[in-house]
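Structural overview for review
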Amino acid sequence: MASEKSKILVVGATGHLGRHVVAASARLGHPTFALVRDTAPSDPAKAALLKSFQYGGVTLLKGDLGDHASLVSAAKAADVVISTVGVRQIADQTRLIDAIKEAGNVKRFVPSEFGLDADRTGAVEPIRSLIINSKAALRRAVEASGVPYTYAWTGYFFSYGLPGIGQVLAQSPPTDNKAVVVLGDGDSKVSYVDEGDIGAYTVLAAGDPRAENKTLYIRPPANTLSHNELLALWETKTGRKFERVHLDEDAVLKQIREDPVPFNSILLSIGHAVHIKREHEFEIDKSAGVDASELYPDVKYTTVDDYLNRLL
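Thresholds, definitions, all that
Residues numbered from 1 in each chain as written. Predicted model: local features only at pLDDT ≥ 70, side-chain atom pairs only at ≥ 80, totals over all residues. Heavy atoms only, no water. Phe/Tyr/Trp six-rings, centres within 6.5 Å; stacked < 30°, edge-to-face > 60°. Helix = DSSP H or I, 4+ residues; strand = E, 2+ residues; numbered from the N terminus. Buried < 20%, exposed > 50% of the residue type's maximum accessible area, 1.4 Å probe, protein only. Lys NZ or Arg CZ within 6 Å of the ring centre and 35° of its normal. Pairing = 2+ DSSP bridges. Axes fitted to C-alpha atoms, helices over the stretch in contact; angles between N-to-C directions. Contact = heavy atoms within 4.5 Å. Right-handed = clockwise from strand over helix to strand, strands pointing away. UniProt positions renumbered as here; feature names shortened; annotations may be inferred. Salt bridge = Lys/Arg side-chain N within 4 Å of Asp/Glu carboxyl O.

**Let's talk about the packing of aromatic side chains**
Scanning the entire structure with this criterion turns up eight aromatic pairs. Taken together, a centroid distance of 5.3 Å and an interplanar angle of 85 degrees make the contact between Trp-153 and Phe-282 edge-to-face. Taken as a pair, Trp-153 in strand S6 (residues 150–154) and Phe-282 in the loop between helix H10 (262–276) and strand S13 (289–291) lie far apart in primary sequence, 129 residues in all. The residues Trp-153 and Phe-282 share a single accessibility class, namely buried. Positioned above the aromatic ring of Phe-282 is the side chain of Arg-120, whose terminal nitrogen or guanidinium carbon lies 4.1 Å from the ring centre. A cation over an aromatic ring shows up here: Arg-139 above the ring of Tyr-151, its NZ or CZ 4.4 Å from the ring centre.

**Notes on the sheet that holds S13**
Strands belonging to one sheet form pairs held by backbone hydrogen bonds; the direction of such a pair is parallel or antiparallel. The strand order S6-S10-S13 describes an open sheet built from three strands, whose pairing is parallel. Every interior strand has two partners, whereas the edge strands, S6 and S13, have only one. Between one strand axis and the next, the sheet turns by 25 degrees as a mean value, whatever way the strands run. As paired elements, strand S10 (residues 214–218) and S13 share three bridges and run parallel to each other. From the neighbouring strand, Tyr-217 faces S13, where its bridge partner is Asp-291. Packed on one face of the sheet, helix H7 (residues 195–206) meets S6 and S10 and runs near 150 degrees to S10.

**Describing the pairing of strand S3 (residues 59–62)**
Pairing analysis gives four bridges linking strand S2 (residues 32–36) to S3, with the strands arranged parallel. Residue pairing across strands places Ala-34 opposite Leu-60, the latter belonging to S3. As a crossover connection, the stretch from S2 through helix H2 (residues 44–55) into S3 is right-handed.

**Concerning the sheet that holds strand S4 (residues 80–83)**
Taken in spatial order, the five strands line up as S3-S2-S1-S4-S5 in an open sheet, and their pairing is parallel. Looking at strand neighbours, the two that pair on one side only are S3 and strand S5 (108–110), the edges of this open sheet. The sheet shows a mean angle of 20 degrees between the axes of neighbouring strands, taken without regard to direction. Pairing between S4 and S5: three bridges, direction parallel. Counterpart to Val-81 in the pairing with S5 is Phe-109.

**Some words on the UniProt feature "domain: NmrA-like" (unreviewed entry) in the chain**
UniProt records the feature "domain: NmrA-like" (unreviewed entry) at residues 4–308, using the numbering of this structure. Overall, residues 4–308 shows 40% helix and 17% strand. The separation of its end C-alpha atoms is 38 Å.

**Some thoughts on the side chain of Ser-6**
Tracing the sequence through the fold places Ser-6 in the segment before strand S1 (8–11). Ser-6 has contacts with His-30, Pro-31, Asp-79, Val-80 and Gly-207, leaving out every residue within four places of it along the chain.

**Quick look at the pattern of salt bridges**
Evaluated as defined, the whole model comprises 21 salt bridges. Where Glu-258 meets Lys-254, a salt bridge forms, and the shortest distance between an N and an O atom there is 2.9 Å. One end of the pair, Glu-258, and the other, Lys-254, are both in helix H9 (residues 249–258), four residues apart, so they sit about a helical turn from each other. On the accessibility criterion, Lys-254 (41% relative accessible area) is partly exposed. Members of the salt-bridge network, linked through shared partners, are Glu-113, Asp-117, Asp-119, Arg-120, Arg-139, Arg-140 and Glu-143.

**Comments concerning the environment of Ile-276**
Checked against the element boundaries, Ile-276 lands in helix H10. On the basis of relative accessibility, which here comes to 17%, the residue Ile-276 falls in the buried class. Sequence-wise, Ile-276 and Leu-169 are 107 residues apart; in three dimensions their C-alpha atoms are separated by 15 Å. When near neighbours in sequence (up to four residues on either side) are disregarded, Ile-276 contacts Leu-183, Gly-184, Leu-247, Glu-249, Val-252 and Gly-271.

The structure is reproduced here in structure tokens:
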């Protein structure tokens, strides 16, 4: 790898994951640019976030996916473009591809992926129409463009997968008087990853020739465990035992179809793919993918055990 640090542009920089990618890029010494709609937002939290970027040496560039000229200008400042836009903007990233091609200087594009593998998953509706099909179409557009790329696959983000101790629809740990809902038998191996670590691994791979035109699989070895193992770990930490209610595949599919909350159906369709169809259990095809933990064994990642200690 070259000793000179790549200039990195982060699109979606203020989002849930984007802020971690920006922080990792700056921390690892890259000249870092953050594309933002407003460089002086009225929202205090967003203003504070942008100030923290600037204190870390990050350059703010004004622009968005609807402004082609701003995208071209931003792309010209960078060697690497990392997109972390939300699911509603997955398809809009074709505009970013067009800008990168026009700029002509970008050596690597990392589109917003960070979830189920669009080319492997058998995920059911509604996530297939809402997210997976758009991601697959974007991949084809990236590959047709000729721009070198890296796709980033992750398991569950810590903030989504762990607050409910693995329960798909819970965002807080189980209490003594409430049973734990387990999809399937609870033995499917599931990968979890801290958002800060996603940022670090993604930035490291973005300029690494070993990850060019491949999928980067971010699944730290200590963070792959079944729901049963996760619950047992939590029981050990809390000294409590929790009743399990297992939902078989038919029950999960029925709830996906009938849940009145659309977002719940999305989460359940992801959970169905992971816990029922075991989509986190696979061997990496070395011709098309690389393991982040093998490429960067010195990264001291946050473990599931570390995170659960914060919930005590």
